[in-house]
Structures are given as C-alpha cells and as structure tokens.
Amino acid sequence: MHKSLRIAAATAACALAGGALYGAGAATAGQSTANSTHEPYNIGLLAKDIDAYYGTTLDANGVYQASVDSPYAKDLARIDSAARKYIDQAARKALHKGEKPAVVFDIDDTLLLSLDYEKRNNYGYNSATWAAYVNKADRPAVFGSPELVQYAEKKGVEVFYNSGLSEAQRSAAVENLKKIGADVNLDADHMFLKDTANPPSYLSGCATPGAWTCTTVQYKSGTRAHIEKDLGYEVIANFGDQYSDLDGGYADQTYKLPNPTYFVS
C-alpha cells in the first residue's frame, strides 16, 4: 500500500456513522490541509484523541489493539448494520432482475487493522517497515468486516477485493485474510492488487509496463469498471477506509469506514 499522504485527521477520528456512510452520488467530505495563520491542532493531543477513539490497549502479546467497547467499534457496528440491510435488499433485487451482484472491499484498515503499525511508528510511514509488517500476515480484523464478507457470500453476492497492496504482497494478504475468517474468493480473479510492472490492459490510460501513473481513484475506479463492464457484475456496494477507495463511480452504494490515522489521496 503506497500512502501518498499520511496525516492524522481529528475530524475523521470523531466522525460518527452518519459521516462515515454515504451513498452513490453524494458529495464526499472535504479533506484539505489548513490554510490560515491559526495554530494547527496539537499533534500530541491529537494522538491522545486517536487512542481514545480506538480505545487503544496493549494485549498480552504486546500488540496495540482496538477495544470492542470503543467509539471506533461502535461506529463500525452502525455501518455494518446498515450495510447488511442494504446488501440483503440489493442482492435480492439484482438476482430477481437476472443481474450478478458483487461487493468490493479494500483491504488495509477495511478488513485488516493496522493500528499497531501506526501507533509504533507515530502515524508515519516507511516503505520497508510497512512491507515487513504486511508480510508478517498477522494483523487483526477490522471489527465486523470478515463477518460482512461471509454475509455477502451467503446472500449470493460475488466478493471482490480492490487493494493498494502490491502484487508482491499477495501471499501475505491471502494468508492474513484467511486467519481472520475472510476466506472468500481469495484467488487472483477476485483479488486485485497493484502490479506496476505488468498492469492490466483496462488501466492502460494511466499505466503501461514499467510506467505507472494511476492515482488511487483511477486505479480503484478503473478496477471496479473492469468488474462491471468486462466481468459482467453489478457492484452493489463498495467498502473502504479512504474516500479515494470509493470515488470514481461504478458502485451503487459506498461505505466509508473510519480511519483517523492516515489519508490517501
């Protein structure tokens, strides 16, 4: 996962489900840096706010975990409840019309929680340490997400993954998703990862072998377009922790999961 910009966002940390969930066609929340002479929010206080939001605690193995009683967990539960109701209705409608319904999930901080890495690195990013962390394949689940993957499959919905992880990280991603119980369609035909050396032809407008210029929105929306136009599915729902996971169309409904620790443009 390449994080083009990693900034802590206090407003995102405090957002409730109403701000975390929005439908197709709705305006996305503004995400911009300060442009005034006012003193910015104190980063030390912001880190404490983030800890409070996650209910961050060290477990018996010395790993930073989110609390099941935290505001973060409660926000996720509200989003999960709304998504289940929607998937049930949308799947039945699509199947009745003879369509092939699909859902698309981002991976990092949508299915796999990276809180321990963020906390230990003071919410910064280093490509080498991030790669080593991903390759350990032992991240915990984002609360409720593996169950939502299983729920969608049981409703007759095809599950796809659309991640900023690199092709070299595929085996670690598959292993980690299996560990948390999101063991659905983890083959290469359903899990789309960044392959900058040999990008797919449907991204030819911004990526050719050895020359990747796709923005996150171009990559992710282009992949969803491929799922719909080339594979013949109707993407009824798209889940991500970044607005760039969701923007660009090709999804009937989008669900923004909370993530106050970094921002990917």
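Now for a quick tour of the structure. Computed from a predicted structure; not experimentally measured.

Points about the environment of Q242
No. 1: Positionally, Q242 belongs in the loop between β9 (234–240) and β10 (253–256).
No. 2: As a C-alpha pair, Q242 and P260 span 18 residues in sequence and 9.9 Å in three-dimensional space.
No. 3: Ignoring sequence-local partners within four residues, the contact set of Q242 consists of K256, N259, Y262, F263 and V264.
No. 4: For Q242, the side chain forms a polar contact with the main-chain nitrogen of V264, separated by 2.8 Å.

Some details on empty space enclosed by the protein
No. 1: Tallied over the entire structure, the rule returns 2 cavities of 30 Å³ or more.
No. 2: Here the second largest cavity is characterised by a volume of approximately 80 Å³.
No. 3: Lining the second largest cavity, in full, are L76, I79, D80, F105, T110, F143, G144, S145, L148, F239 and L257.
No. 4: Those elements that place two or more of their residues in the lining of the second largest cavity are α4 (71–96) and α7 (145–154).
No. 5: A class-by-class count of the residues in the lining of the second largest cavity yields 7 nonpolar, 3 polar and 1 charged.

Observations concerning the nonpolar core
No. 1: Formed by 49 residues in total, the largest nonpolar core has its most connected members in V103, F105, I107, Y161, L177, M191 and F239.
No. 2: Sort the elements by how many residues they give to this core and α4 lands first, with 7 residues.
No. 3: Core analysis: the second largest hydrophobic core is formed by 14 residues, F160, W212, C214 and Y219 among them.

Thoughts on unusual backbone geometry
No. 1: Phi angles above zero are rare outside glycine, and N122 is one such case at about 50 degrees.
No. 2: Tracing the backbone shows N122 in the loop between α5 (115–120) and α6 (127–136).
No. 3: According to the relative accessible area criterion, N122 is exposed, its value standing at 67%.
No. 4: Even without being a glycine, N185 presents a positive backbone phi close to 50 degrees.
No. 5: Positionally, N185 belongs in the loop between α8 (170–180) and β6 (191–194).

Points about α8
No. 1: Within α8, the full set of buried residues consists of R170, A172, A173, V174, N176, L177 and I180.
No. 2: Buried residues belonging to α8 abut α6, α7, β5 (158–166) and β6.
No. 3: Looking one or two places after α8, you find G181, whose phi comes out positive at around 95 degrees.

Focus: the pairing of β6
No. 1: Of the two faces of β6, the one holding M191 and L193 and the one holding F192 and K194 are both buried throughout.
No. 2: Bridge count for β5 against β6 is 3 bridges, and the pairing is parallel. Across the sheet, N162 pairs through a bridge with F192, a residue of β6.
No. 3: This β-α-β element, β5 to α8 to β6, shows right-handed connectivity.

Quick look at α6
No. 1: Every buried residue of α6 is listed here: W130, Y133 and V134. For α6, the buried positions fall inside an angular range of 95 degrees around the axis, keeping them on one side.
No. 2: Structurally, α6 contributes buried residues whose contacts are with α5, β5 and α8.
No. 3: Between the side-chain oxygen at the start of α6 and the backbone nitrogen of A128 there is a gap of 3.0 Å, and the oxygen is on N126.
No. 4: Just downstream of α6, A137 is the residue with a positive phi angle, here 55 degrees.

Criteria and thresholds
- Residues numbered from 1 in each chain as written.
- Predicted model: local features only at pLDDT ≥ 70, side-chain atom pairs only at ≥ 80, totals over all residues.
- Heavy atoms only, no water.
- Helix = DSSP H or I, 4+ residues; strand = E, 2+ residues; numbered from the N terminus.
- Contact = heavy atoms within 4.5 Å.
- Polar contact = N/O pair within 3.5 Å; in protein donor to acceptor, adjacent residues only side chain to side chain.
- 1 Å grid on protein atoms, 1.4 Å probe; cavity = no way out; pocket = protein on both sides within 12 Å on 5 of 7 lines; lining within 4 Å.
- Points joined across faces, edges and corners; volume = space filled by probe spheres on them.
- Nonpolar A, V, L, I, M, F, W, Y, C, P; charged D, E, K, R; others polar.
- Core = buried A, V, L, I, M, F, W, Y, C linked by side-chain atoms within 4.5 Å.
- Buried < 20%, exposed > 50% of the residue type's maximum accessible area, 1.4 Å probe, protein only.
- Pairing = 2+ DSSP bridges.
- Right-handed = clockwise from strand over helix to strand, strands pointing away.
- Arc of directions from axis to C-beta.

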